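Examining the three-dimensional arrangement
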Amino acid sequence: MSSLSRELVFLILQFLDEEKFKETVHRLEQESGFFFNIRYFEEMVTNGDWDEVEKYLSGFTKVDDNRYSMKIFFEIRKQKYLEALACRKDRAKAVEILVKDLKVFSAFNEDLFKEITQLLTLENFRDNEQLSKYGDTKSARSIMLGELKKLIEANPLFRDKLNFPTLKNSRLRTLINQSLNWQHQLCKNPKPNPDIKTLFVDHSCGQSQPNGARAPSPVNNPLMGAVPKPAGFPPLGAHGPFQPAPATLPTSLAGWMANPSPVPHPSASAGPLGFNPPNNAALLKRPRTPPTNNPAVDYQTADSEHVLKRTRTFGISDEVNHLPVNILPVGYSGQSHGQSSYSSDDLPKAMVMTLNQGSSVKSMDFHPVQQILLLVGTSTGEVMIWELGSREKLAHKNFKVWDLGVCSMPLQASLTSDYTASINRVTWSPDGTLFGVAYSKHIVQIYSYHGGDDLRNHLEIEAHVGSVNDLAFSYPNKQLCVVTCGEDRLIKVWDAVTGAKQYSFEGHEAPVYSVCPHFKENIQFIFSTATDGKIKAWLYDNMGSRVDYDAPGHSSTTMAYNADGTRLFSCGTNKEGESYIVEWNESEGAVKRTYNGLGKRSVGVVQFDTTKNRFLAAGDEFLVKFWDMDSVNLLTTIDAEGGLPASPCIRFNKEGILLAVSTNDNGIKILANPDGIRLLRTMENRSFDPSRVASASVVKHAQTSTMNTFGAANASAGPSIMDRVAPMPSMVVMNGDNRSLVDVKPRIGDESMDKSRIWKLTEITEPAQCRSSRLPDNTSSAMRVSRLIYTNSGLAILALAANAVHKLWKWQRNDRNSTGKATANVAPQLWQPTSGILMTNVISDTNPEEAVPCFALSKNDSYVMSASGGKISLFNMMTFKTMTTFMPPPPAATFLAFHPQDNNIIAIGMEDSSIQIYNVRIDEVKTKLKGHNKRITGLAFSNVLNVLVSSGADSQVCVWSTEGWEKQTSKHLQIPPGRVAAPIVDTRVQFHNDQTHLLAVHETQIAIYEAPKLERLKQWVPPETSGLITHATYSCDSQSIYVSFEDGSVGILTASTLRLRCRISSTAYLPSNPNSRVYPLVIAAHPSEANQFALGLTDGGVIVLEPQESEGKWGTSPPVENGGGPSSMTTSTTADQPQR
């Protein structure tokens, strides 16, 4: 169905609602599947209309679609069952519900189903400990409803279906009127007051026409009530069908931002099925905005703050964590913003350290990637970078003008009389490769940061006359820029590469206090605030301010969006010392919510920050004050054990697990939540690795999400009634692209080590020197492991054997393994659903052992796509059921990769050397890429560079644009002198977390390239005594490379230098057997534990390896001049000639 047809359905829904056809409205909602009416759903749940609830849900999802859907249906049926049990007369009904409705869930957790069944034997089910707090039916339904709403909001199947588009009242009538007006204008002799009798035929003013004209009289047809006189009609050309209306100058903030992209859904627990009703205390920790008192008003009018959001068809679900950010929120009337599962206990409130700064702190900012790095600017012009794990000051710069000779005379005169300046703002660029410093005297300095103490001057700009009050980075036209504002009442935009001025905005009548660049869809803009309390907004077009608002109390204000860019807040203090912290309604340019609790006599301007899309914090009255974004009342306050100034400077790190607060005695206190404490303890015992700060255009990092996996490892070790599954990490990509930074070229620097220290390669030869665990396998198969991967949650390992059968091992959460993540300390269980089915690929007529197996796992671990020489199969990871098969050979698929931004797009490497870009949703091959001579053996996407890199058995690497799918460049790997490569050899490629540096793995070498030009930066050639390389992979933090060899050994390289720092002999993890030749074929890295990896062996076994807990890591890095073990190294690129 086309997008216009869908929009027509919305218009019909609005019309039916206005005409009070309520049952028909909800029937159409269900049958079309375009709009899930959460109000109607709430009403049915509250009334206990369970059959209608499930019938309505069936239009949008089924029980086994995904873990969220399964949890939704389970909670509903569980409540229905408990209500039947509560009424003694309904025991027979309870049995019927158990057999008909709940038994389906026994396949996923048999123990839980048995426990549910045992409730029938109790006189009062509240005698069950977990259900002892079950209240009356009304309160139980209300509590369950809150959980259901969170699950629905997080379910990818409901994405874009919870929000009705913004429509003028009676939009369908208006369109009909417009059509009749156009028809009337086309009449040869248009007459006044046309008599419209029918809509079944076109209007005409001819005498014989059923829709003709009549004698002048009042128009009595309501549809024609708005028809103007013919002379008043606009030109027909301006109103062609479906053409956009002429653009007008928007007067509201949201007026520039049409058709925003979908917003990220809030995380919700789709964890294990269980009885436990959420308690009221938990609800108090997560207050929700109450719905409005008019449940009938579901269909939006033009007065709504929301914007149009279109639906899309569903193929394989996109993952919640990988959606675009920085866009306008959309919701239904009365809907609060997406609720996170965070509580106030997640706030960083424990004081863990104090840093002695030496001068008064004016501004702070945590590194966006290495979140234990803190950038600080002081009142004396000092700039410092602290590494919190070691409490070490990594870099320090005093105020100094780099080139006084090019400065203006007023600045030179000012510095001659007083060579000091205070810092007003320090801030990192989005990727952490640059940071900016705004001084109280005219200038801005931009530094490039390369890790450790490697801080380099990049740009010095005399930006304003007088003080530069604020500085921020932005990306207009995909070009990194610096936005500044100052005492001279101007806002200016500068090229971050050259320092050239791009724009200058004037219009404020007082010094500009702060700037807040942002974007909605493809519209880039800047908010600015002045000391007179005026707020203005600017597009990058030199056309003047688009809006002009007053800040609350005419205060000096800073503005900031929450982490996902969907909500706008401001905080400021006026001349009388009155402070305000508010949320804005962007559509109306009005204050949506004013938070209580700020002091009325603040000293200085109160600073604030946001975190986790959930909390606000401000430094006020010698305290740090916290608010839930959805509640105006103060959530809590902390004094950080005292010593804070009246208005302390505060700053969260990106994850919100650390909080830096300035102190009275020129220090900084670091506060942490439990996750932050664990992070700092982990880093305390590790020397800082400067290469962790990636010098790349945009950096990708691991972030712990609150989305939980559904189900459990096995029935016996599955969830208890009260359990919840541990959180899974998700990969989140930062927006932005600064590939234009040609003079700040990314590099991989050698590790900085103590040169006087005697280094020795770490050799691990005994089982006691490391932790290893062979995963249990009670199957008779001993087929070699062809492919191996950890699930993205880190809770399981999936292997594909040469006989086309998949094996899945899951770890359970217990006293020995509190997180439930994969570990060598605890044995997992080889997991199968109770149905006993196996995930087995379709095989061709040829010997499956001769096939080239391949698989790819979706980002939320829900699906695995796999092939073993036959058709490609799509499996449900919860049920092991085959959802579909496609693409029968020949040619057979040899490598699979999901597109990082659209799970419906898959790159499929083929046996015939082609690459097919396939759309699962519409079952169509979009294009075929040809550039290799032999089968495809590797594929890797970079969603920063917008390229696909392929590798083949021809030892060639190709780069393809993902926008037009044209080939950009290609290179053959240079075979090291004295080595001979096999005619057909697997070549693998993998992107570094920075999405720019590329790891190429060949049986003869490990090489690092820089995409997209494929400039080879480094090459490592192993000693011949190790045999050929069988596989290699980056660690999850991209700081190490794990390499497996034919002799059974494993090498660990430092990624930044390609130097061998640790070698693990096969005797450390395999039993001694001189008659067997077992070695690893594949190696997989844990997605969140940087020092854990798994090996897939030729005998069918899977081994998990970790260093000893006392060591914490695999060896130490060699100094640059110390060789790094028996390897050879080159950085020459002359032999790699590009091929077109």
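In the block above lies the structure referred to throughout.
Residues numbered from 1 in each chain as written. Predicted model: local features only at pLDDT ≥ 70, side-chain atom pairs only at ≥ 80, totals over all residues. Heavy atoms only, no water.

Turning next to the overall build of the protein. A count of helices and strands for the protein gives twelve helices and 60 strands. When contacts within the protein are restricted to residue pairs at least 6 apart in sequence, those whose partners lie at least 24 apart make up 60%. Carbon and sulfur atoms provide 50% of the accessible area of the protein, an area that totals close to 45000 Å². (Helix = DSSP H or I, 4+ residues; strand = E, 2+ residues; numbered from the N terminus. Contact = heavy atoms within 4.5 Å. Areas by Shrake-Rupley, 256 points an atom, 1.4 Å probe, with all protein chains shown as cover.)

Let us now look at a negative patch on the surface. Residues Glu23, Glu43, Asp49 and Glu52 make up a contiguous surface patch of negative charge. Looking at where Glu52 falls in the secondary structure, it is placed in helix H4 (residues 50-57). Since its relative accessible area comes to 40%, Glu52 is described here as partly exposed. (Patch = residues over 30% accessible without salt bridge, like charges linked within 9 Å, V, L, I, M, F, W, Y side chains within 5 Å. Salt bridge = Lys/Arg side-chain N within 4 Å of Asp/Glu carboxyl O. Lys, Arg positive; Asp, Glu negative; His and termini not counted. Charge placed at Lys NZ, Arg CZ, Asp CG, Glu CD. Buried < 20%, exposed > 50% of the residue type's maximum accessible area, 1.4 Å probe, protein only.)

This part covers the sheet that holds strand S58 (residues 1093-1097). The four strands lie next to each other as S32-S59-S58-S57, forming an open sheet whose pairing is antiparallel. The sheet terminates laterally at strand S32 (770-774) and strand S57 (1080-1085), the two strands that pair on one side only. Across the sheet, the mean angle from the axis of one strand to that of its neighbour is 25°, orientation sign disregarded. Sheet topology places S57 next to S58; five bridges connect them, and they run antiparallel. Paired with Ala1084 across the two strands is Ala1094, which belongs to S58. (Pairing = 2+ DSSP bridges. Axes fitted to C-alpha atoms, helices over the stretch in contact; angles between N-to-C directions.)

Let us look at the pairing of strand S39 (residues 872-876). Most of S39 is tucked away, with five of its five residues classed as buried. Residues Ile872, Leu874 and Asn876 line one face of S39 and the alternating positions Ser873 and Phe875 line the opposite face, and both faces are buried. Judged from the four bridges that link them, strand S38 (residues 863-867) and S39 form a sheet pairing that is antiparallel. Across the sheet, Met865 pairs through a bridge with Leu874, a residue of S39. The hairpin formed by S38 and S39 contains four residues between the paired strands, and Gly869 there has a positive phi angle of roughly 90°. Pairing of S39 with strand S40 (residues 882-886), which is carried by four bridges, proceeds in the antiparallel orientation. Across the sheet, residue Phe875 finds its bridge partner in S40, namely Thr882. Remark: five residues form the turn of the hairpin made by S39 and S40, two consecutive strands paired antiparallel; Phe880 in that turn has positive phi of roughly 65°.

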